[in-house]
Amino acid sequence: MAAIYSGIHLKLKSPQTPWEDKLRLARFAWISSQCLLPNKEQVLLDWCTHALTGWYNQKVEFSQDVLEGLWCYLDDLLHSRKLHSLLKQGKTISLRLNMAQLLLDRLQECACVGSKSLVCVSTILSVCRGILSSPVLSSVFTTKYELMVNLLVKLCSLACCELQQPLLTETPMTESGTCQDEVMTESPQTEPSTSLDTLDIPPDHPELDTNKSSSKPDENLHSPALFEALLQVLLCYLSVQRQQANPNRVFTMVTNQLIQPLVLLRHLLTSGEFVPSHTHLQLRQQLCRDIRVKIDAILQFALFPSDHLTSYKEELFPSKEDSGKRVPGGTKGLLKPVSAILSKLSAQGYCEPRLHYSVKSNTLCLLFKFFLESYGKRRGESEEEQRMLCFYFLIRLVSVLDLGLDGHSFSPVKDQPASGQKSPPASLCSPESWSLALLAVEFLLNQALSADIYNIAADRIRHGEVQLNFYRALAQMLFNQAQPSLPAWYRCLKVLLSLNHLILEPDLDQLLSSAWVNSECMEARAQRARQLMVCSLLQTYTKLRQLPRLFSELLSVICQPALDELRPPLLSEEVCASLRTCLLDIPPSQGQEICSLVLESMRKYIFPDLVKEERETEKMETDGGGDDEGKKTEVKVDQERQDASLKLFSLSQLLHAVLFSLKTLDNASPLPLVRQSQALMKEMHQVIKDLLQMLSTEEKPVKTNINLVQKTPKKSKKNLEHKDSEKVSESKMGLLWEQKTQEATLLLRYTWVEVDTLFDINCSKYTSLDSAQMAAVNETEDKVLSNAPVLTHIESLVSGDILPARLHPSPSYSPMSCLLLKLLTLQQMKKVLLDSTSLGESSTALLNTAAQFILAKLKFEVSPHGEQVWDGQIGSVNASSYPVAHWHLVTSNLPLIAPYLSGEDLGRIADILVSSVLSRQTDKEKDQPPISLTVSLISSQLLQSPILAELSSLFSATVCSLTQRINGVLMVAHAPKVCATLPKFQEKGSDASQSLSKLVKKEATVEDILASSKTGDVFVSLTDAQTKDLVNLLQILASLNPDGMNSEDLSSVFLLLLFMLTSTSSQSDRVVVGHADSGDDAVFLVKLLRILTCLVESRNFQSVLKLIHGGSLLQAVVSSLLWHSNSGRFRPTCSPDWLDLIKAVQDFIRSLVQLIIIRNSSVRLNLDQFASFLTSKETASRQNVAPSSAAVSGKPDSGPSILSVHLVLASLSSFALGMSSNLGRSKPMDQTLTQMLTRVTASLGPAVESVLRPQPASKAAIQPATVLGQAFVVEVVTVMLHCELSSLSVDDQNKLNDTKLILSHMTLYQGFSQQILREISSAHRPMDFLVSSLRFLSTFYKAVEKTRGEEEKGGKELDELYIQILQNVHRVLTAPWLSSNDVSELEPAVQELLRHLVENSTTGQFNLLLLIIREGLDVCKLRAGNYREVLSAVTIVKLLSCCQLPESCSKALWLIAPQIISVMVFLVRSSGQDISLTLPLTVPTVMSMTSLLRQGEGLITNPHHVNLVLGALQSVSLDHLTPLVYQSAFLAVHEALFAIIQCHPQVMLNAAPSFLNVFYRLVASIMQEGRQRGGSDTGSDSDVYLQCSRLVERMYSHIAATAESFTTLSAFMVAQYVTELQKVTLRPDIKLHLTEGIYRILDLCMEQDIKFLMAGLQTGVREVFNDLYGSYTHYHKAQRQGEEKYTV
C-alpha cells in the first residue's frame, strides 16, 4: 500500500496535475498514516506556502476556489493536533520567511476601505493565530521586530474599522459622548436615536449592503475572532518588545507607528459611544478589558522606561535647574521624547475629526498616570526632583489641551513644540469640547494631588513658586472661561482648593460669585458638584481658622449690584449641614465675629439703598420738570430698593443659619465671650428696631402713583393704557421691596428672640434686654406688672401692631411673614409659661388668644396636581408651601398650644389630621422628593407618635372625627331595615363639637347588635366604594393607641365597630353572586376584628363590659359571622382573605376569654353562655352535614356550608385553647374551666370525626378535610388533645391519687398520629402542615407518656413511638424539597418535640438519639454529595443542646461534646471549600458549634476545643457571596466569636491572637463590601452591610470590655484597621459604626502605643491613622472625659 501513495510528492510538483487534484492529494497526504513521505509535515507546509506566494507574485495561476482552499488547508495544518504534537516533541518544522510579508499584505487589503479581499478575513486571522500559537512557527514574525510592529498596526487598524463600521450611517455625534474612559466618566452623552435602529437590523439583512461604505463580507462584522487574534498579537508583541535591547528603537517605533492606532483603539473600546458596537460585534467585556490592559502595558514600557529618565529630564527641566545635573558630553538618549509623543497625539488624520479631541484628552490622562507610576516613586532618586519632573510633564500635557495657558511665564519649555502639536483654539468654543477639556484637567489635577507632587514649602523656597503660578494661571483660566453648567468645572476648582487654598485666594471673590452666589440654575449633577465645592470651601477655611475672612468676602459678593431674584438659594440643605458642622469646630469668638460682619454689611451696604430719599423726583417737581422724568427716577429708586431688600433677606437667612448653628452660652463660657455675645445681640436688636421704624415711616407707594396719574388728565387713550400698565408694575415693585424687607425684619426678630432666650436660660452671666426691661418695671411698678413686656409683645403680635397696617401679612400676600409672626408668638408663649409667677387670669386669656392666632387660617386642600411640598427651610416658604410649614409648626408644638385651644379648634385640627391621612392613602402612587415634607406625611407621623395619645383632648377629637366620618358613610348607605342606631346618628350628626356619648346611643346600639346576631338581619347595605372608604378609615383608627381613649370614647367606638361587624353587608353579594370584589368583605371584617381585638386589650375596656356581657359579645361576633358565611358572602376556604378572617376571629376569642378570666368578670356565667352557644344543637348541626357546593363555588346555599364548619371549629379550638392556657390559677377557677373544657372537647370530637369521615363517591371531590386544609385539622386535633390532657392533669393533681389518666378520644389521637407518621416525610408537604404535625406529635408523645401504665406493654409502646418519631424527624430534615429557610422555620417545632422526647427519656432512648447524630456527622456523606444527612444531624445537635436533659443524659451529651465539636470543625473546613454550601451547610454547622459553646459554659473545660472552633471559623467563606448569604455567614461567625468571648473568658488569655485573626476577617470583609459603589449604596442590599457594621461595632465594645485579654494587642488591632481603611473609601453610614468601634480600642491604647503606631506605620497608612486619631481626640475622647466628670 505504501507504494501506491509514494508518488504523491511528484504529483504535487507536476504542472500536469490540476490544482484541484493537488489540493485533494495534499489533504489526503496530511490525514493518511499510510502515505509515507520523508519529512511530510514540512514538505506539505512548504508546498502550500510556495503555492500561495507564487499566486500572489503572479508566477502561477489557479481559480479563486483553489486559492480559498489553499488558505483553508494552511489554516487546518496550523491548528492540527498532529502538528502541535510534533512541535512539542522537538521536531523542527518551520515556515518560509516570506509568509510573514504575505500575511501583512493580505491584512492591508482587508483594512483598506473600498478594496475587495479575495479571501475571507476570518481565515486569514485564523492563520495568524495558528502561526503565533507556537513559538517555533511565530519566529517568522518575532525574529524581526519591524514585522511584529507592522502586524500589530494592521490588526489595530482593522479593529478600529470594525468598531466604527456599525455606526457609519449615524448622524455625527458631539464630542461630549466620546470621553467615556474609566478615568473620566461624567461627560454628557448625546447619542442619536438612530444607533438603536441600526443595531436592530439582523446581520444578514440585504439592506446593509446599501448602507455600508466598506465592501467586506457581512460575515466578518459579527465575529469576535478579530479581537481574539488581536489579543494574541498583543501578547506576542509585548514579549518581543520586552526582549529588545535598544529602548530608543522601541520608543521610536512605538511613537512613529503604534501610538496613534493603539490610543484610538483603546478609546473605541472604552468609550460609552461605541458600546452598541461591542454588542453588535458580540465582544465580551473581559476580552475588551484584556486588550486594554495589554495596550496600557505596551505604551507604559515603551514610552517611559527607566533608561529614558535622563532624556525626559533634559527636555522638561529648565536649563538653569538642569545645568548641574547633566552628564558631561551629553547623553545618548532621545532628544525630545515629550515633544515626539505630543506631536503624534496632536497630529490630524489618524482618526475622524469628531473623535480627535476626545482621543487626545483621554490619552493625556493615561500618559500622566503612566509617567507617575514610572518616574514618580523611583528608589534612589531625590523625592523633590521626582515631584518637579512630574509637575513639568503635567504642564506640557495641559498645554496640549488648548486652554490658552502657553503664554504664561511659568512655562518651562525651552523650544516651541512642533507645529502639529497645537490644534486650533477655536475647537474649544463648543460646550462639548469644554466638557472634555475640563474632565481631562480634573483627572490630571486629581492625579497630581494623589501623587503629592506639590510640596508648598519646597515650591516657595527653592523653585520660585513655579507650581503655585501654574495652578493660579489654571484657576484664572477657569474663571475667565467659566462653565457653571458643567460639573467638572466645580470639581476642578475643588481639586485646586485641596492642593493649596492660596491658589484660589486671590480670586476668592470671583470664586464665591461664579460658583456660589451668582451661579445660574442648573441640572442635578452640576448642582451636586457645586454644593460639594462650597462645602469643601467651608471646611478648608474652617481648618485654617479663617472662616470670618471667607464670610467677609462672601458678604461683599452678596452686596454687589446684581439681580437678586435671578440668584439661586444661598443656603441649600447640604451647604447648611456643612456650615453647621464647621461652625461647631471654630472658636466661639469667630462665630460672633461672623455675625457682626453680617450686621455691619447690612448697615453699610443695604440700609443706604433702603432709606434713600427721592431727591431727584422732588427736584423735578420743583423745577417744573415733566412727569416722565419723575416717574423714571421713581422706578429707578424702587428697583434699587427692591435689589437692596432681596440682599437684606439673603443676609438675614445667613445670619439665621449662623446663629442657629453656634454653640450656646452656658455658665462655663468665659466672661469676654458673654460680653461679646451681649454686644452682638444689642446691635442686632438695634438693627431690627431701625428696620421696623423704616417700615412704619414709609408712605404707601401706590398712593404716589395715583397722584402722578391724576396730574395728566388730557392724555390720549393709548398713552393712558400704557401708563396704567406701568402703574401696575411700579406698584408691584414698590410692594415687593417692602414685603421682602418685612420678611427679613421678622426673620431677624425671630432669630434674635430664640437666641436671646436660649442664652438667658443657659447662662446666668448673660442679661437679656427683655430681662432688663422687666427688672426696670419691677423697680418702678408692682410685681403684678412684672410680665408686662412679654404680654405686651404677645398683644402686639396678635393684633398686628408690630407692623404697619398696610403691610399686615396674609398667607397669599406674604406667607413667610405670617409664619414668622406665628413663630414669634409661640416664642413669647414659651416665655410666659417659663415664668410661673406671670400665670394669671389675664395671662391665660392672652395665651388662649395667642394659641388661636397660631392656629388661625389653618387649612388643608387637596390639589389636583398633588400635595404641596416643603423642604423644611424657612427661607423657602411661599404661598404653595405655606400650608405645609404652618401645619408643621402647629403639630410640632401641640403639647404647648393644645391646652389653650377650644374644642372647636381641636376639632378642626383633628379634621385636617384625618383628611390629610386619607388623601395620603388614596394618592400613594404619587412619589414625592426624598427630602420633603407634606401635610399628609406630617399627619401620618403624628398619628404614629406617642405624643397624640398624651394629648387627651386632641386624641378624643380625632376619635370623634373618625367616628363622624364612619357615621357619614353609614347614613348615606342603603338601609334594608329600620334600626334604632342610625336615626340617632342622623339626629346628632350635624353638631361636630358633641362628644361620642351623644353621637352613639349605646343602649340602642347594643340592642341592634344582639338582634342582628340572633336573626341575621342586615340593617346597612354597603356598596364597594363605601366599603373601601370604611376600610381607609379603619386603617387610621388602627394606628391610634387604644390606651389613649377614655372610657366613653372606647365604649362608643367599640359598639359602633361591633355594629358594623354584625349589621352591615355588601350590596354586591345580593346583586351579583360571586362578584370579583367579594373578597373585599373579608378584608373589611378582618380589619374590624383586629381593631376590636386591640380595643379588648386596652386598659379601659371594662366600660364596654358594663354595657354588654362578655359571653354575649363572643356569641354576637361568632353568630354574625356564621350568618355571613351561610349567606355566601365570602370566597372559598382556599382564599387568603378567608384564612386571615379565621385567624382574626381566633385572636379576638382568645383575647376576650383571657380578659374575662383575668378580671374574674362573671367567669362561669360568660363562658358558660358562649360554650352553650358553640355546643348547641343548632351550631352542631352545621358541622355534621356534608359540605355543600358553596365550598367550591362560593355561592349561597340553603344548607350549612363548609365555611360555617371551618368557622365553628376555629371558634371551638381557640375558645378551648384560651381556657386551657389559664389553668392553674386557683382551684375554683380550675374547676370551672375544666367543666367548660370537657364540654368543648366533647363537642370537638364528633365534629372532627365528621370532617375526617370519607365522603361517598358522589361527593368524593369535596372532602371536608381537604377543603379545610390538613394543617388546620391537625391544629384542631392538637388543641383537643392539649385541652383534654391539661384538664385531666389538673383533676389528677386535685385527686392526689395514682390512678391512670384516661383520654376520651385516645383512639382518634392514635389513628391521627399513625396517619401523620406515614405522611409527614413521604412526599412534598406544605410548611404549615409540617409545623402543625410536629406540634401534634410533641403533644401526643406527652399524652402517651402520662397515660401509659406501669406494665411492660406501655413502656414498649412508648419506645416504639420514640423511635418512629425520631426516624421521621430525621427524614423530614433530610427531605430534598426543604430549603434552608424552610429548615429554619421548622426548628422551633422540632426543638419543642425534642424537648418532650428527652425530658423523661431513659438512657437507652437517649443513646438511640446520639447514634442518629453519630451516623449523620459523617464526612464521607459530605464527600459523596449527601450534605442533607449531615445537615439533619447538625440541626439536631443545635436543638438538643438547648433542651433540658435528665442528669444522666446531660452527662452523656457533654461527655461526647468535644468529639462532636471536632467533627463539626472538620465539616466546616470541608464545606468551606465549596461556596455553594455556605448557606445550606457551613452556616448551620457554625451556628450549631456556637450553641454548643454557649450551652457548654463551664462544661467544656478543655481550651483546645475552643481553639479548634476558632481555626474552623477561618475557613468560612466571606468573599464573592450574595448579600443575603454574606449576612448569614457574617452573623454566624460573629455569634461564634461572641459566644467565645462571653462564655469562655478563660480561653481568651491564650487564644486572643487567634480570636483577633478571625475578627480581622470580619472587619476586612465588611470594609470591602461596604465601600462606596455609586448608585448601589442604597436599598435592601445596602442595609445588609449596615447591619454587619453594627455587629462589628458591638464586637469592638465587647473586646474593650475584656481589656485584660487584649491590652497588649490593642495597637495591633488599630494598625490592622487603618491598613484596611487606607485601601477603600467607605460609605458614610458604615464608616460611622466602624469608627465608633475602633474608638473603643483606642481607649485601650497607652501613650507608647500611639507613638509606636505613628513611627511604625507606612506613609499612606500613617496619614489615615493621624486623621483617625485626630477625630478620636477631638470628638470621642473629649466626650468620654466629659461623661467621666459626671460619673460616680
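Residues numbered from 1 in each chain as written. Predicted model: local features only at pLDDT ≥ 70, side-chain atom pairs only at ≥ 80, totals over all residues. Heavy atoms only, no water.

(A) Highlighting the overall build of the chain. Helices and strands together make up the secondary structure of the chain, namely 80 helices and two strands. Each of the 1688 residues in the chain was classed as buried or not, and the buried ones make up 55%. Excluding contacts between residues fewer than 6 apart, the proportion of contacts in the chain whose partners are at least 24 apart in sequence is 80%. If you sum the accessible surface of the chain, you get close to 73800 Å²; carbon and sulfur atoms cover 53% of it. (Helix = DSSP H or I, 4+ residues; strand = E, 2+ residues; numbered from the N terminus. Buried < 20%, exposed > 50% of the residue type's maximum accessible area, 1.4 Å probe, protein only. Contact = heavy atoms within 4.5 Å. Areas by Shrake-Rupley, 256 points an atom, 1.4 Å probe, with all protein chains shown as cover.)

(B) Fine view of helix α9 (residues 145-164). Across its 20 residues, α9 extends 29 Å between first and last C-alpha, which sits within 8% of the 28 Å expected from 1.5 Å per residue. For α9, a buried count of 16 out of 20 residues is recorded, marking the element as mostly surrounded by other parts of the structure. (Expected span 1.5 Å × (residues − 1).)

(C) Local environment of the pattern of salt bridges. Summed over the entire model, instances satisfying the criterion amount to 35 salt bridges. As a salt-bridge pair, Asp-643 and Lys-647 come within 2.5 Å of each other at their nearest N and O atoms. Taken as a pair, Asp-643 and Lys-647 lie in helix α32 (residues 627-661) at a separation of four residues, close to a single helical turn. In this structure Asp-643 comes out as buried when scored by relative accessible area, which is 19%. For Lys-647, a relative accessible area of 3% gives the class buried. By sharing partners, the salt bridges in this structure join Glu-383, Arg-387 and Asp-452 into a single network. (Salt bridge = Lys/Arg side-chain N within 4 Å of Asp/Glu carboxyl O.)

(D) Spotlight on unusual backbone geometry. Residue Asp-402 is not a glycine yet carries a positive backbone phi of 60°. Along the polypeptide, Asp-402 turns up in the loop between α20 (383-400) and α21 (431-451). Here Asp-402 falls in the buried class, since its relative accessible area comes to 9%. If you check the backbone angles, Asp-452 has positive phi at about 60° while not being a glycine.

(E) Examining the packing of aromatic side chains more closely. A complete count under the given rule lists 38 aromatic pairs for this structure. Judged by centre distance (5.6 Å) and plane angle (90°), the rings of Phe-304 and Phe-371 are edge-to-face. One end of the pair, Phe-304, is in the loop between α15 (285-303) and α16 (309-316); the other, Phe-371, is in helix α19 (residues 353-375), and 67 residues separate them in sequence. Residues Phe-304 and Phe-371 agree in their burial class; the two are buried. Relative to Tyr-392, the ring of Phe-391 has its centre 5.5 Å away and its plane inclined at 50°; by these criteria the two rings are tilted. A relative accessible area of 0% places Phe-391 in the buried class. (Phe/Tyr/Trp six-rings, centres within 6.5 Å; stacked < 30°, edge-to-face > 60°.)

(F) Representation of the nonpolar core in the model. If you look at the biggest cluster of nonpolar residues, it comprises 536 residues, and the most contacted ones within it are Trp-71, Phe-141, Tyr-471 and Phe-1555. Aside from chain neighbours lying at most four places away, what touches Phe-141 is Ala-100, Leu-103, Leu-104, Ile-131, Leu-132, Leu-147, Met-148 and Leu-151. (Core = buried A, V, L, I, M, F, W, Y, C linked by side-chain atoms within 4.5 Å.)

(G) Broad picture of the packing of helix α71 (residues 1478-1495) against helix α72 (residues 1503-1513). It is at 12 Å that the axes of α71 and α72 come closest, and there the two elements cross at 155°. With respect to each other, α71 and α72 are oriented roughly antiparallel. Here α71 and α72 pass one another in a crossing that is left-handed. The residues of α72 that touch α71, namely those facing Val-1486, Met-1489 and Leu-1493, are Val-1506, Val-1509, Ala-1512 and Leu-1513. (Axes fitted to C-alpha atoms, helices over the stretch in contact; angles between N-to-C directions. Parallel < 35°, antiparallel > 145°, perpendicular 65-115°, else oblique. Left-handed = near helix turned anticlockwise from the far one by under 90°.)

(H) Just the packing of helix α70 (residues 1447-1471) against α71, in detail. Where α70 meets α71, the axes come as close as 10 Å, and the angle between the chain directions of the two elements is 155°. Judged by the angle between their axes, α70 and α71 are roughly antiparallel. In the packing of α70 onto α71, the handedness of the crossing is left-handed. Residues Trp-1454, Ile-1460, Ile-1461, Met-1464, Val-1465, Leu-1467, Val-1468 and Ser-1471 of α70 form the contact with α71, whose participating residues are Leu-1481, Thr-1482, Thr-1485, Val-1486, Ser-1488, Met-1489, Leu-1492, Leu-1493 and Gln-1495.

(I) A look at the side chain of Ser-1214. When you line up the elements, Ser-1214 lands in helix α59 (residues 1202-1220). Of the polar contacts made by the side chain of Ser-1214, one reaches the backbone oxygen of Ser-1211; its length is 3.1 Å. For Ser-1214, the contacting residues outside a window of four places in its chain are Gln-1146, Ile-1149 and Arg-1150. (Polar contact = N/O pair within 3.5 Å; in protein donor to acceptor, adjacent residues only side chain to side chain.)

(J) Region of interest: the environment of Pro-946. With respect to the helices, strands and loops of the structure, Pro-946 is situated in the loop between α43 (935-944) and α44 (947-950). Spatially, the C-alpha atoms of Pro-946 and Leu-1040 are 9.2 Å apart, while their sequence positions differ by 94 residues.

(K) Region of the structure containing the side chain of Gln-260. Following the sequence through the fold, Gln-260 ends up in helix α13 (residues 247-270). Every residue in contact with Gln-260, bar those within four places of it in the chain, is listed here: Lys-344, Ala-347 and Tyr-350.

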